[in-house]
Amino acid sequence: MARKEHVSETPATQWLRRHKVVFSEHPYEYEEHGGTDGSSRALGVDEHIVIKTLIMQDESAKPLVILMHGDRKVSTKNLARQIGCKSIEPCKPEVANRHSGFLIGGTSPFGTRKAMPVYVEDSILSLDHIYINGGRRGYLIGIAPSVLSDVLGAKPVQCALED
């Protein structure tokens, strides 16, 4: 497949290359508040295989990463129960940025500023191929879902809610 355009490195792509992960690059026109709906439309793929990277925190304000299907929401109650916390809530954008080093809309689970536990919705791991943020707005990468558990060390959870 010919490359459409060269995309400059991000902390995420540097991390992937360092770990010898094969990935494809998919730049697209970023749409403010477009979310996975906007990116899946831009790439012409099902929103279910576009994975969102969410930075959340537990009751002690310890950050964590949850990876979820683009067309699903996270049940924070179920997530908290499964990982042994009292409560989980999304971080405010500026707090998420401080933990991850990425802007909202460009958050990748790879190459985060701070090491955080990573959780992945179990059903993502059974997909053939996924698209996930490559570390900047308007830039997704295509990878095998096994990278999330095998290389990133993401722990499977079941906390998806229909969107």
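Residues numbered from 1 in each chain as written. Predicted model: local features only at pLDDT ≥ 70, side-chain atom pairs only at ≥ 80, totals over all residues. Heavy atoms only, no water.

Undergrad: I'm lost on the overall build of the protein in this one. Help?
TA: The secondary structure content of the protein amounts to five helices and ten strands. By the compact-globule yardstick of 15 Å for 163 residues, the protein fits well, its C-alpha radius of gyration being 15 Å. Out of the 163 residues in the protein, the part that is buried amounts to 48%. Within the protein, contacts between residues at least 6 apart in sequence are counted, and of these 63% link residues at least 24 apart. (Helix = DSSP H or I, 4+ residues; strand = E, 2+ residues; numbered from the N terminus. Rg over C-alpha atoms; globule rule 2.2 N^0.38 Å. Buried < 20%, exposed > 50% of the residue type's maximum accessible area, 1.4 Å probe, protein only. Contact = heavy atoms within 4.5 Å.)

Undergrad: Please explain the layout of surface pockets as it appears in this structure.
TA: If a probe the size of a water molecule is rolled over the atoms, the empty space left behind becomes visible. The volume enclosed by the largest pocket comes to roughly 690 Å³. Gly35, Lys52, Leu54, Ile104 and Gly105 are the residues nearest the centre of the largest pocket, which is lined by 29 residues in total. Secondary-structure elements contributing two or more residues to the lining of the largest pocket are helix H2 (35-43), strand E2 (50-58) and helix H4 (93-100). Of the residues forming the lining of the largest pocket, the biggest block, seven residues, is contributed by E2. When its residues are assigned to classes, the lining of the largest pocket shows 13 nonpolar, twelve polar and four charged. (1 Å grid on protein atoms, 1.4 Å probe; cavity = no way out; pocket = protein on both sides within 12 Å on 5 of 7 lines; lining within 4 Å. Points joined across faces, edges and corners; volume = space filled by probe spheres on them. Nonpolar A, V, L, I, M, F, W, Y, C, P; charged D, E, K, R; others polar.)

Undergrad: Would you mind going over the side chain of Thr36 with me for this structure?
TA: Along the chain, Thr36 falls in helix H2. By relative accessible area, Thr36 is classed as buried at 12%. Among the polar contacts made by the side chain of Thr36, one reaches the side chain of Glu47 at a distance of 2.6 Å. What Thr36 contacts, discounting residues up to four positions off in sequence, is Glu47, Val50, Lys52 and Gly70. (Polar contact = N/O pair within 3.5 Å; in protein donor to acceptor, adjacent residues only side chain to side chain.)

Undergrad: Would you take a moment to explain unusual backbone geometry for this structure?
TA: Excluding glycine, most residues fall at negative phi; most peptide bonds, likewise, are trans. For His33, which is not a glycine, the phi torsion comes out positive at approximately 60°. Among the secondary structure elements, His33 is positioned in the loop between strand E1 (24-27) and H2. Positive phi values are uncommon outside glycine, yet Ala61 reaches one of about 65°. Residue classification places Ala61 among the partly exposed residues on the basis of a relative accessible area of 42%.

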